[in-house]
Amino acid sequence: MLNILEVRSLKVMVEDKVILKDVSLELTEKKNYVMFGPNGSGKTTLINAIMGLPQYKIVSGKIFFLGEDITHKSVEERSKLGLALAFQHPPEIRGIKLSSLLKLCVGKEAEDDFSAEEKELIDAFNLSRFLDRDFNVGFSGGERKRAEVLQMLLLKPRLILLDEPDSGVDVESLKLIGEQIQKYVEESGSTSLIVTHKGDILDYVNATYACVLLKSIVYCFAEPKRIYENIKKGGYEQCVACQERVKKGW
């Protein structure tokens, strides 16, 4: 099966501090991956570097997307190729309506109407009544995360990167977000990489592998729910020590 993403020996700096050293990772098509790791292990740094955010400086190593070297491509170029990122803390934007941003995602002008398919997806995220409100202003944590993931799915990416979509959200929003991610991956054949601390999203997303980022090494295992339970019982290092790593080429 084709690797949609390959990260090879990546070293990343943020504000003159090395966060990741020699990190490697491979993701195949049409699968959900979850990534665990202790605070400060570099999970957010990794997915932001994959997306190409300029404050995450790649010192060495390579990133390949569908076989193409994207290491030095801009965020815009990566987005056009099919990468998308949902942030952990989506910002407020006063003066910009949610509807305007969503239309930008689908390449429409402000006066254009949403298609029936687009309206259906907006309704699925329970955000139709928020369309004329300033983006994220006064939104709850769950509403912000739903709006963030909705924007991402409207872009129809091949690889979706999610930074803790289960943090700061209510159970209803988490269920909705997880089910919509699962539906999108199944219907589009895309791949998702979901960074999480709590693992609650595993109740709604059928993840194929659990990856643990520990000391700049990515360990990937089958049976994500079992891995999560082992992490809760014994911590990250004990989990990594006692599990059989999935071999390269999974």
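Rules used in this analysis
- Residues numbered from 1 in each chain as written.
- Predicted model: local features only at pLDDT ≥ 70, side-chain atom pairs only at ≥ 80, totals over all residues.
- Heavy atoms only, no water.
- Helix = DSSP H or I, 4+ residues; strand = E, 2+ residues; numbered from the N terminus.
- Buried < 20%, exposed > 50% of the residue type's maximum accessible area, 1.4 Å probe, protein only.
- Polar contact = N/O pair within 3.5 Å; in protein donor to acceptor, adjacent residues only side chain to side chain.
- Contact = heavy atoms within 4.5 Å.
- Pairing = 2+ DSSP bridges.
- Phe/Tyr/Trp six-rings, centres within 6.5 Å; stacked < 30°, edge-to-face > 60°.

1. As for the side chain of S190
For S190, the location among the structural elements is in the loop between α6 (171-188) and β10 (191-195). Looking at S190, the relative accessible area reads 1%, which means it is buried. A distance of 2.9 Å separates a polar side-chain atom of S190 from the backbone oxygen of P157. With sequence-adjacent residues up to four places away left out, S190 is seen in contact with K30, K31, P157, R158, Y184 and V185.

2. Some words on the pairing of strand β4 (residues 57-65)
As a general feature of sheets, a regular strand has side chains that alternate between the two faces. Taken together, the seven bridges between strand β1 (residues 3-14) and β4 define a ladder with antiparallel strand orientation. The residue bridging L5 from the neighbouring strand is F65, located in β4. Sheet analysis places β4 next to strand β5 (residues 68-69), joined by two bridges and oriented antiparallel. Following the sheet pairing, F65 is matched in β5 by E68.

3. As for the packing of aromatic side chains
If you walk through the whole model with that rule in mind, you get three aromatic pairs. Here Y33 and Y209 contribute two aromatic rings whose centre-to-centre distance is 5.6 Å and whose plane-to-plane angle is 25 degrees, an arrangement assigned as stacked. Placement of Y33 in strand β3 (residues 32-36) and of Y209 in strand β11 (residues 209-214) is noted, with a sequence separation of 176 residues between them. Its relative accessible area of 0% is what places Y33 among the buried residues.

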